Amino acid sequence: MSMTDLFIRRPVLSIVLCIIILVAGLRTVFGLPVQSFPSTVSATIQVVTIYYGADAGTVAGFITTPIESAVAATDGVDYVSSTSETSVSTVTLHLKLNEDPKPAIAQVQAYVSAIANKFPAGTQQPVITMSNNEGSAMYIAVSSKSLRLEQVADYTARVVLPQLQSVPGVLQATDMTQANMALRVWFDARRLAGYGLTANDVATALAQNDYVTGIGQTLGGMMSVDLAVTSSLHTEEQFRQLVVAQRGSALIRLGDVAKVEYGPEMTEVRITNPLGSGAFIRVTLAPGANLIATCDRLHDVLSHISARLPPNIRTRVIFDLSDFVRASLHEVILTLLEAIAIVTGVIFLFLGSFRSVLIPLVTIPLSLVGTVALMGFMGFSINSLTLLALVLATGLVVDDAIIVVENVNRHLAIGEKPMEAALKAARELGRPIIAMTIVLVAAYVPIGLQKGLTGALFTEFAFTLAASVTVSAVLALVLSPMMCATLLRPHDATAPRWVKFSDLGLTIMHRVYAKMLRIVLRFWPAGIVLACVVLGASVMFYRGATHELAPAEDQGIVVVAGQGPPATTLDYVAKYAPPVLDALKGIPEMEDFWLLDAPRIEQGGVVLRDWRKRSRSDVDIQQVLQGKLNDVTGLQYGVFQLPSLPGGAGMPIQFVIKGAGSADELAAISKTIVTEAKKSGLFAYIDNDLLIDQPQTTLVLDRSKLAELGLNVSDVGNSLNWLLGGSYVNYFSRDQRSYRVMPLVTRGQRLNAEQILDYPIAYTHPQSGPAIPIPLSSVAHLTHQVVPEQIAHFQQLNATTLQAVPAPGVSVDRAYSWLASLANSRLPGGYATDTTGSLRDYLTERGSFLPSFGFGILIIFLALAAQFGSFRDALIILVTVPMSVAGALLLLWLGMRGASVNLYSEIGLVTLAGLISKHGILMVEVANERREQGMSRRAAIEHAALVRLRPILMTTAAMILGVVPLLAASGAGAASRFVMGLVLAGGLAIGTLFTLIVLPCFYLLLAHRGSAPSC
């Protein structure tokens, strides 16, 4: 007795097994985490070092380069980039995908600590941070119409940020304005000169008289008393009254030589949003954090905070990434339900019996629930890709049940009783079902074993599909035959009208196909030639199709980045903010917006309404907004979408030119390339980050004169740094928090470089009368030159990054290929190109598909050969794979709805290879059985094709119509679902046609001349 006989004869055993699957799945589904994509770690480690007042060249030579050299040996690093600009060195280590960042950050800390003593005096301690390179999860505005910016920022730092930071799953919650409260000491250079003081004198007095110390405690015989001393200052008035010098009996106080007030640390960043201006919080999540659950907790915390806000402070969530994820998951779930309904209708159309329909209808949810149980066992999550796998599984899991029901009905049609028909049908299909399951699982294994972004993202997708077909096969052997024996009735002439209509339609199709098949087999070499022609065409289709990493998804947000002329200030950029804000607010679909102004740059974005409440896509809005911003003449703007896959950030094209040449040479080369790129018409926006356009004035000291005056270079440098550098002297405490004391000369006395020549650097003290100031002009003169605004390195070489947005209708692949070709023809020796961001991910994955696809086909071939005991049979079954792939590539080549060759379509092609192989298995299995009974090759394959016509058509129709919701997808995540559905529907339709026509021809060509082999 076979295994299927056992379950047919003992239905309770079958029911118990199914209940176990059901309970396991239901218990698992509520415990699975919900997130956008499978967990990936794309971490960066950043080393930021501050050297106040230093120019970009000094920062690069004394800080950035030593750090780069030290951290280059860190394990797991993909590449190292850096920028050096006035006062700031930033070195960024980009780790390889899914590399554990903890060992790497420990190594970086050790390497940096080892060289910290080599930095120039006055360099701040390097700050080392780690972030997951997946962008921002949430933007939150905190604003007030009555409080100053630093007051709002202080409230945010005290009350809001700590509570957000404590939410599980949050990596960082930071205020992008960097407007932390500070005590600003605005020096008046004229008053300093009048009192005979230098900025260094006052800074020294501040450091010595605003001093934090502990003095201990008393210890008596029975009691001890803690002691404190008023050595530190706490209020504006206390600082104003601080004595900084004495002239005779007169005391000179800080308020006499400077304006003392509370103010923000950073005065050159301004962010505008619907609430006005104020603090602007950026929330990023820890690697592996559950996006939806974390954002839910953030909203709960914000609700708690908002309920207790002072009446003059308001908060607002400007952007929430989980909105897109929720909408995307909702659309996929809706697609899943639609697919189940459509597949049910297809089954009824073919079988025409409610009893027959009930069997696969029970199988679908049970298979999906069983798949969820296996997902939990494998540690997967509910995300857009696993849900997409479940949508595809709806068509897959029903196939086996359809085949069983159809075969039982075929036996009932010849007069057999239900029990007998079920037993015979199950025995006949045991081997083919196992073979089809092995083939499909084998097709997905290479995806799960693939490295890089494809493997990281699609492993859960592949193994979810593999789990679904495995559960489906178990149910097809355990449940479906038992239900057929129990529910189906013998055929009789009193069948309902719709049953007769269904049978009549299939009978007509059977007759038409029988006539066509006889003609095809008569001229079977023509079928072989046709297959070769189609195979050749598929190469053309693949090369001619648009290639990209992933289709652009409408994520409900459009991002703006602007760049101004050289050396422009915040005031200059802010001058052009009103027309940009008008453009953002003028978008009818606008829900929220933000705009960040800083010296020379402007960045912002517009958050769009819910997908169901607007008719235009983000691409349409992007193009309109780009047109409006092109009319703003003060800055150059680029408008782009966020990457649709995790890992990348920034503009879609980030093209690096690197080499050992000088910055001047590199800037000239990049300028030529950018100029030609703008003329090409391929780019809506392109610019580079290396421009020799930053005016710099060098103070040339006369060391001889300094020596004559008894001065040294450090005296001059320290005084000027306190006046112009923007550093801090020390800290003061207020309400149990510490803040910086930051001296700086008033803006009116630093409008141009010539003004600093009047600053006093020292004094002569005659025997009578006031001190006479020695101006800087007496020991120095100015020279002027133009230098890079910042110095960038890539892999420790001088580098510049060209950031670009392709023009409408131009793919990233085409734009990049054009840039790469131009660069290769223009770059001199010693220069090379590289990439960052999502473009780097695309180029890494671009060459991996064909080897993986070939490996997948090899695995399927070997699995089939092992099952059938014949390499020839395996080759015959697989002959329609390239035919179906050609059909799918044809649709991609035509670019239907912007379809392209990308990660989703490539995974669809692999899935297609396994699906189309099932048809060949059904036909070859029957043909071999008939040949063992003595039939000729032609008679055997003709009989097999006609016998398997109905199940092939039914399974194909179920799968194609099951992905129709993907083809009709709209809203969040629609682009990826559409291209996957297009590949499967088109490939299956064309592949099934070739299976029915071409496969019999190849069977005549390749099958064994004698009787079929058995194993």
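Residues numbered from 1 in each chain as written. Predicted model: local features only at pLDDT ≥ 70, side-chain atom pairs only at ≥ 80, totals over all residues. Heavy atoms only, no water.

Asker: What exactly am I supposed to notice about the overall build of the protein here?
Answerer: Counting its regular elements, the protein contains 34 helices and 30 strands. Considered along the principal axes of its C-alpha atoms, the protein spans approximately 130 × 75 × 55 Å. Taken across its 1015 residues, the protein has 55% of its residues classed as buried. For the protein, the share of sequence-separated contacts (at least 6 apart) that also reach a separation of at least 24 residues comes to 80%. Per element, the accessible surface of the protein, about 41700 Å² overall, is 58% carbon and sulfur. Computed over 73 positive and 74 negative side-chain charges, the separation of the two mean positions in the protein equals 10 Å. (Helix = DSSP H or I, 4+ residues; strand = E, 2+ residues; numbered from the N terminus. Buried < 20%, exposed > 50% of the residue type's maximum accessible area, 1.4 Å probe, protein only. Contact = heavy atoms within 4.5 Å. Areas by Shrake-Rupley, 256 points an atom, 1.4 Å probe, with all protein chains shown as cover. Lys, Arg positive; Asp, Glu negative; His and termini not counted. Charge placed at Lys NZ, Arg CZ, Asp CG, Glu CD.)

Asker: For this particular structure, what's the right way to read the domain arrangement of the protein?
Answerer: Accessible area lost when the parts come together is the quantity often used to give the size of an interface. Domain annotation of the protein identifies domain 1 (1-31 + 353-467), domain 2 (36-133), domain 3 (182-216 + 230-265 + 695-787), domain 4 (521-547 + 857-1014) and domain 5 (557-694 + 790-845). For domain 3 versus domain 5, the distance between C-alpha centres works out to 41 Å. Of the roughly 440 Å² buried between domain 3 and domain 5 on both sides combined, carbon and sulfur atoms contribute 50%. Joining domain 3 to domain 5, the criterion identifies one salt bridge. Across the pair D571 and R747 runs a salt bridge, and its minimum N-O distance is 2.9 Å. Listing elements by their share of the side of domain 3 that touches domain 5, those giving two or more residues are strand 22 (692-701) and strand 27 (780-788). (Domains from an automatic or database assignment. Buried area = accessible area lost by both parts, 1.4 Å probe. Salt bridge = Lys/Arg side-chain N within 4 Å of Asp/Glu carboxyl O.)

Asker: Before we go on, may I ask you to explain the sheet that holds strand 7 (residues 181-187) in this structure?
Answerer: Paired through their backbone hydrogen bonds, the strands of a sheet run either parallel or antiparallel. The strand order across the open sheet formed by four strands is 12-7-24-23, and the pairing between neighbours is mixed. Across the chains shown, the open sheet's two edge strands, defined by having one partner strand only, are strand 12 (258-264) and strand 23 (730-734). Between one strand and the next, the sheet's axes are offset by a mean angle of 30°, whatever the strand orientation. Bridge count between strand 23 and strand 24 (residues 737-745): five bridges; the pairing is antiparallel. (Pairing = 2+ DSSP bridges. Axes fitted to C-alpha atoms, helices over the stretch in contact; angles between N-to-C directions.)

Asker: Looking at this model, I keep getting lost on the packing of helix 12 (residues 354-377) against helix 16 (residues 480-487). Mind explaining?
Answerer: Working note: a packed helix pair is described by the angle between its axes plus the distance between those axes. With their axes 10 Å apart at the nearest point, helix 12 and helix 16 run at an angle of 155° to one another. By the angle between their axes, helix 12 is roughly antiparallel relative to helix 16. Considering only the axes of helix 12 and helix 16, their crossing is right-handed. On helix 16, the residues touching R355, L358, I359, V362 and T363 of helix 12 are S480, M483, C484 and L487. Here the contact of helix 12 with helix 16 is composed, by residue class, of six nonpolar, two polar and one charged. (Parallel < 35°, antiparallel > 145°, perpendicular 65-115°, else oblique. Left-handed = near helix turned anticlockwise from the far one by under 90°. Nonpolar A, V, L, I, M, F, W, Y, C, P; charged D, E, K, R; others polar.)

Asker: Is there a simple way to think about the pattern of salt bridges in this case?
Answerer: A side chain with one charge can pair with a side chain of the opposite charge if their charged atoms come near. Evaluated as defined, the whole model comprises 23 salt bridges. For the salt bridge of K259 with E261, the shortest nitrogen-to-oxygen distance reads 3.8 Å. On the basis of relative accessible area, E261 is assigned to the partly exposed category, the value being 26%. R614 is paired through a salt bridge with D554; the nearest N and O atoms lie 3.0 Å apart. Placement of the pair is R614 in the loop between strand 18 (601-608) and helix 21 (618-629) and D554 in the loop between helix 18 (524-544) and strand 16 (557-563), with a sequence separation of 60 residues. Members of the salt-bridge network, linked through shared partners, are D78, K658, D834 and R840.

Asker: Can you help me understand helix 10 (residues 291-306) in this one?
Answerer: Structural remark: α-helix, 3.6 residues per turn; residues separated by three or four positions point the same way. Taking 1.5 Å of rise per residue, the 16 residues of helix 10 would be expected to cover 22 Å, and the 22 Å separating its terminal C-alpha atoms lies within 8% of that figure. Among the residues of helix 10, L291, I292, T294, C295, L298, V301, L302 and I305 are the ones counted as buried. (Expected span 1.5 Å × (residues − 1).)

Asker: How should I be thinking about the pairing of strand 20 (residues 653-659) in this particular structure?
Answerer: If a strand is regular, its side chains alternate between the two faces of the sheet. For strand 20, the buried fraction is high: seven of the seven residues fall into the buried class. On strand 20, burial covers both faces: I653, F655, I657 and G659 on one face and Q654, V656 and K658 on the other are all buried. Examined bridge by bridge, strand 20 and strand 29 (residues 797-806) share seven bridges and lie antiparallel to one another. Across the sheet, residue V656 finds its bridge partner in strand 29, namely T801.

Asker: Please clarify how the packing of aromatic side chains should be interpreted in this entry.
Answerer: Each aromatic ring pair is described using two quantities: the centre-to-centre distance and the angle formed by the ring planes. For the structure shown, the criterion picks out 18 aromatic pairs. Judged by centre distance (5.0 Å) and plane angle (25°), the rings of Y79 and F794 are stacked. In this pair, Y79 sits in strand 2 (residues 77-85) while F794 sits in strand 28 (residues 790-794), placing the two residues 715 residues apart along the sequence. A relative accessible area of 6% places Y79 in the buried class. (Phe/Tyr/Trp six-rings, centres within 6.5 Å; stacked < 30°, edge-to-face > 60°.)

Asker: Quick question: what am I supposed to make of the packing of helix 14 (residues 418-449) against helix 27 (residues 849-868) here?
Answerer: Closest axis-to-axis distance for the helix 14/helix 27 pair is 8 Å, and the angle between their directions is 160°. Relative to helix 27, the element helix 14 is oriented roughly antiparallel. Seen from above, helix 14 lies across helix 27 with right-handed handedness. Together, R431, I434, A435, I438, V439, A442, A443 and P446 of helix 14 and S852, F855, G856, I859, I860, A863, L864, Q867 and F868 of helix 27 make up the contact between the two elements. Tallied by class, the residues present in the contact of helix 14 with helix 27 amount to 13 nonpolar, three polar and one charged.

Asker: What am I meant to see in the nonpolar core here?
Answerer: Proteins that are soluble and globular tend to have nonpolar side chains buried together. Membership of the largest hydrophobic core comes to 225 residues, with the highest contact counts inside it found for F461 and Y904. Considering every element that reaches this core, the biggest residue donor is helix 13 (residues 384-413), with 17 residues. Not counting residues within four places of it along the chain, the set of residues in contact with Y904 comprises F37, L385, L388, F458, A550, P551, L645, S976, V979 and M980. (Core = buried A, V, L, I, M, F, W, Y, C linked by side-chain atoms within 4.5 Å.)

Asker: What exactly am I supposed to notice about the side chain of S468 here?
Answerer: Tracing the backbone shows S468 in helix 15 (residues 452-478). If we skip the residues at most four places from it in the chain, S468 touches T371, A393 and V397.

Asker: So what exactly am I meant to see when it comes to the environment of R308 here?
Answerer: Relative to the helices and strands, R308 is located in the loop between helix 10 and strand 15 (314-320). A polar contact of 3.0 Å, which involves the side chain of R308, links it to the side chain of H304. (Polar contact = N/O pair within 3.5 Å; in protein donor to acceptor, adjacent residues only side chain to side chain.)

Asker: Looking at this structure, how should I read the environment of L949?
Answerer: Mapped onto the elements of the fold, L949 is located in helix 32 (residues 949-962). Between the alpha carbons of L949 and R734 there is a distance of 83 Å; along the sequence they are 215 residues apart. L949 has contacts with M509, H510, Y513 and L996, leaving out every residue within four places of it along the chain.

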